[in-house]
Amino acid sequence: MDISDDIFGESLNLEDTHLKEGFQEGYETGFASGKEDGREVGLKTGFTTGEELGFYRGCIDVWNSVIRVEPTCFSTRVQKKMKEMDELVSRYPILEPEKESVTDIMGSLRLKFRAICATLNVKLEYNGYPKTSNSSEIQF
């Protein structure tokens, strides 16, 4: 006699059936939740990256405006760093956020920005990205 022909067959497979249904339901719920969480993290990351790039673009535009008005205002070394920073912002792959060069370019931008500010003896910083001293306090 086959277990599926038995009147108790379904009762014996009840635990297995509930396990499969529960797994499928949990998988679908987790998939939807994970997709939504991923979307939120992506939007937040994209926004903060765009905000930081915009900050650097604004600084570069202001510095270039100053250079147009007074070409001898900054040394040639600082002007060269500003031009390199401008090229880095222009080269940033906005539409390809998974590209490997993203972190390298952003790191170079931050470094050049700090170097320019130090050379100009200016206390200017982008407050949007976490600093190492208080990175544990930042929550998203």
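Fair warning: this is a prediction, and the values are worked out from it, not measured in the lab. (Residues numbered from 1 in each chain as written. Predicted model: local features only at pLDDT ≥ 70, side-chain atom pairs only at ≥ 80, totals over all residues. Heavy atoms only, no water.)

**Q** Could you clarify how one ought to interpret the overall build of the protein in this entry?
**A** Regarding its fold elements, the protein presents four helices and zero strands. Mapped from its N terminus to its C terminus, the protein presents α and β elements in the order α-α-α-α. Across the 140 residues in the protein, those meeting the buried criterion constitute 18%. Within the protein, contacts between residues separated by at least 24 positions form 60% of all contacts whose residues are at least 6 apart in sequence. As displayed, the protein has an accessible area near 10900 Å², and 55% of this comes from carbon and sulfur atoms. (Helix = DSSP H or I, 4+ residues; strand = E, 2+ residues; numbered from the N terminus. Buried < 20%, exposed > 50% of the residue type's maximum accessible area, 1.4 Å probe, protein only. Contact = heavy atoms within 4.5 Å. Areas by Shrake-Rupley, 256 points an atom, 1.4 Å probe, with all protein chains shown as cover.)

**Q** Where do I start with the UniProt feature "domain: Essential protein Yae1 N-terminal" (unreviewed entry) in the protein in this structure?
**A** The UniProt entry lists residues 22-60 under the feature "domain: Essential protein Yae1 N-terminal" (unreviewed entry), expressed in the numbering used here. Secondary structure across residues 22-60 divides into 100% helix and 0% strand, with the first and last C-alpha atoms of the span separated by 56 Å. (UniProt positions renumbered as here; feature names shortened; annotations may be inferred.)

**Q** How do you make sense of helix α4 (residues 101-120) when you look at a structure like this?
**A** With 20 residues, α4 should reach 28 Å at 1.5 Å per residue; the first-to-last C-alpha distance of 28 Å fits that figure. What α4 keeps buried is the set Val102, Ile105, Met106, Leu109, Phe113, Ile116 and Cys117. Axial view of α4: buried residues confined to an arc of 100°, hence all on one face. Seen from the open side of α4, the exposed residues pointing more than 90 degrees away from its buried face are Thr103, Asp104, Leu111 and Ala118. Turning to α4, the residues buried within the fold contact α2 (14-69) and α3 (76-91). (Expected span 1.5 Å × (residues − 1). Arc of directions from axis to C-beta.)

**Q** Hey, could you run me through the packing of α3 against α4 in this one?
**A** When two helices pack together, their arrangement is given by the angle between their axes and by how far apart the axes lie. Contact pair α3 / α4: the axes reach a minimum separation of 10 Å and the direction vectors enclose 155°. Relative to α4, the element α3 is oriented roughly antiparallel. As α3 runs across α4, the sense of the crossing is left-handed. Two secondary-structure elements touch here, α3 through Arg77, Val78, Lys81, Met82, Glu84, Met85, Leu88, Val89 and Arg91 and α4 through Ile105, Ser108, Leu109, Lys112, Phe113, Ala115, Ile116, Thr119 and Leu120. Tallied by class, the residues present in the contact of α3 with α4 amount to 11 nonpolar, two polar and five charged. (Axes fitted to C-alpha atoms, helices over the stretch in contact; angles between N-to-C directions. Parallel < 35°, antiparallel > 145°, perpendicular 65-115°, else oblique. Left-handed = near helix turned anticlockwise from the far one by under 90°. Nonpolar A, V, L, I, M, F, W, Y, C, P; charged D, E, K, R; others polar.)

**Q** Can you walk me through a nonpolar patch on the surface in this structure?
**A** Together, Phe23, Tyr27 and Phe31 give the surface a local cluster of nonpolar side chains, amounting to about 390 Å² of exposed area. Looking at the secondary structure, you find Tyr27 in helix α2. (Patch = residues over 30% accessible without salt bridge, like charges linked within 9 Å, V, L, I, M, F, W, Y side chains within 5 Å. Salt bridge = Lys/Arg side-chain N within 4 Å of Asp/Glu carboxyl O.)

**Q** Please clarify how the packing of α2 against α4 should be interpreted in this entry.
**A** Running from N to C, α2 and α4 cross one another at 40°; their axes reach a closest spacing of 12 Å. Note that α2 runs across α4; the crossing there is left-handed. Where α2 abuts α4, its residues Thr49, Glu52, Leu53, Phe55, Tyr56, Cys59 and Trp63 lie against Met106, Leu109, Arg110, Phe113, Ile116 and Leu120. Partitioned by chemical class, the residues of the contact of α2 with α4 number 10 nonpolar, one polar and two charged.

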